[in-house]
Amino acid sequence: MLARLIRGGQVDDGLAAAERALALDPNLAAAHAVKARILSESGRHEEAGAEIEVALRLDPESYEVNRAAAYLRFRQKRLPDAVRHFEKAQSLMETDVSSPNMLITCYTAMGDRESARRAAQITLARAQKTLAQDPSNGAAMGFCCNALALLGQAESARAG
Amino acid sequence: MSRALLIEPDNANMRYNFACTLASQLNDPDGAIEILGRCSSASRSGC
């Protein structure tokens, strides 16, 4: 949704661009992932799933592909699958803070408190690293707060 | 939260996430509603 660009009253969500890219080269895993993300955001999960299957077959080690797969499975409430892809994404990009943050939500929903704490520690460490370079990064502060709250540091979470 | 909201007061996504944290982790449903109420006011004013 946030990636949508409004041009002259028309909403361009990037789908046309992804399809143009795939017309030129149908083996572009990232383009299939972008298409899957857009379809998923529109609730077209079945079509998104088909795109993700292709993307994962083409490049199972892609950060973008695993992120798109994770969000699709999260929206479908397929939490073990979402976890698998968020874990993969966070391992592929060590500056990624939102994947471990999403893992907090997934593990908490699955009742796996220990894994949720581990995800919170990763989220906190990465968000603090971001804040060290960009002290006014509101999103990073948000990630810190959520992680601190899960780790039982309520006062720090409220102040941070 | 206070510092993040000071920097990005109109970030509705952040407010929603904080509301979830307050309600589910910090046992503060009143705080959650307060944060969402401000988000709702901001939305009406076009943020």
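Residues numbered from 1 in each chain as written. Chains lettered and ligands numbered in written order. Predicted model: local features only at pLDDT ≥ 70, side-chain atom pairs only at ≥ 80, totals over all residues. Heavy atoms only, no water.

**Student:** Quick question: what am I supposed to make of the overall build of chain A here?
**Tutor:** Along the backbone of chain A there are 9 helices and 2 strands. The order of helices and strands in chain A, counted from the N terminus, is β-β-α-α-α-α-α-α-α-α-α. Each principal axis of the C-alpha atoms in chain A carries an extent, and together these give about 50 × 35 × 25 Å. Expressed as a percentage of contacts within chain A between residues at least 6 apart in sequence, the contacts between residues at least 24 apart total 44%. As displayed, chain A offers around 8,400 Å² of accessible surface, 54% of which is attributable to carbon and sulfur atoms. The positive charge centre, built from 20 side chains, and the negative charge centre, built from 20, are 3 Å apart in chain A. (Helix = DSSP H or I, 4+ residues; strand = E, 2+ residues; numbered from the N terminus. Contact = heavy atoms within 4.5 Å. Areas by Shrake-Rupley, 256 points an atom, 1.4 Å probe, with all protein chains shown as cover. Lys, Arg positive; Asp, Glu negative; His and termini not counted. Charge placed at Lys NZ, Arg CZ, Asp CG, Glu CD.)

**Student:** Can you help me understand the layout of surface pockets in this one?
**Tutor:** For the largest pocket, the calculated volume is near 1,400 Å³. Every residue lining the largest pocket is counted, 36 residues in all, and those nearest its centre are A:Y71, A:N101, A:M102, B:N13 and B:N17. Looking at the lining of the largest pocket, the elements with two or more residues in it are α2 (29-41), α4 (63-75), α6 (98-110) and α8 (138-150) of chain A together with α2 (12-24) of chain B. For the lining of the largest pocket, the element with the most residues is α2(B), which contributes 8 residues. Classifying every residue of the lining of the largest pocket gives 19 nonpolar, 12 polar and 5 charged. (1 Å grid on protein atoms, 1.4 Å probe; cavity = no way out; pocket = protein on both sides within 12 Å on 5 of 7 lines; lining within 4 Å. Points joined across faces, edges and corners; volume = space filled by probe spheres on them. Nonpolar A, V, L, I, M, F, W, Y, C, P; charged D, E, K, R; others polar.)

**Student:** Honestly, α8(A) in this entry has me stumped. Any pointers?
**Tutor:** Because each turn of an α-helix spans 3.6 residues, side chains separated by three or four positions in sequence point in the same direction. Along its 13 residues, α8(A) runs 19 Å from first to last C-alpha, staying within 8% of the 18 Å computed at 1.5 Å per residue. Counting buried positions over the 13 residues of α8(A) gives 12, a clear majority of the element. Three or more residues of α8(A) are buried, namely A:G138, A:A140, A:M141, A:G142, A:F143, A:C144, A:C145, A:N146, A:A147, A:L148, A:A149 and A:L150. Looking at the packing, one finds that the buried side of α8(A) touches α6, α7 (113-133) and α9 (154-159) of chain A together with α1 (2-7) and α2 of chain B. Put simply, A:N137 is the residue that caps the front of α8(A), since its side-chain oxygen is 3.1 Å from the backbone nitrogen of A:A139. Positioned one or two residues after α8(A), A:G152 has a phi angle of 85°, which is positive. (Expected span 1.5 Å × (residues − 1). Buried < 20%, exposed > 50% of the residue type's maximum accessible area, 1.4 Å probe, protein only. Polar contact = N/O pair within 3.5 Å; in protein donor to acceptor, adjacent residues only side chain to side chain.)

**Student:** Help me understand the interface of chain A and chain B, please; the structure alone is not making it clear to me.
**Tutor:** In many analyses, interface size is given as the accessible surface area lost on bringing the parts together. Of the residues lining the interface, 17 residues belong to chain A; the matching set on chain B comes to 14 residues. Approximately 1,200 Å² of surface area, both sides summed, lies buried where chain A meets chain B, with 56% of it carried by carbon and sulfur atoms. Counting across the interface, chain A meets chain B through 1 salt bridge. Where chain A touches chain B, the interface holds 6 residue pairs in polar contact (both at pLDDT 80 or more). Those elements that provide at least two residues to the side of chain A that touches chain B are α8 and α9 of chain A. Counting residues per element, the side of chain A that touches chain B draws most heavily on α8(A), at 8 residues. Classifying every residue of the side of chain A that touches chain B gives 9 nonpolar, 6 polar and 2 charged. (Buried area = accessible area lost by both parts, 1.4 Å probe. Salt bridge = Lys/Arg side-chain N within 4 Å of Asp/Glu carboxyl O.)

**Student:** I'm lost on the pattern of salt bridges in this one. Help?
**Tutor:** When the charged atoms of two side chains lie near each other, side chains of opposite charge can form a pair. Residue and element names in this part refer to chain A. Enumeration over the complete set of coordinates arrives at 10 salt bridges over all chains. Of the charged contacts, one joins E61 and K88 as a salt bridge, the two residues approaching to 2.8 Å between their closest N and O atoms. Of this pair, E61 sits in the loop between α3 (45-58) and α4 while K88 is found in helix α5 (residues 79-92), placing the two residues 27 residues apart along the sequence.

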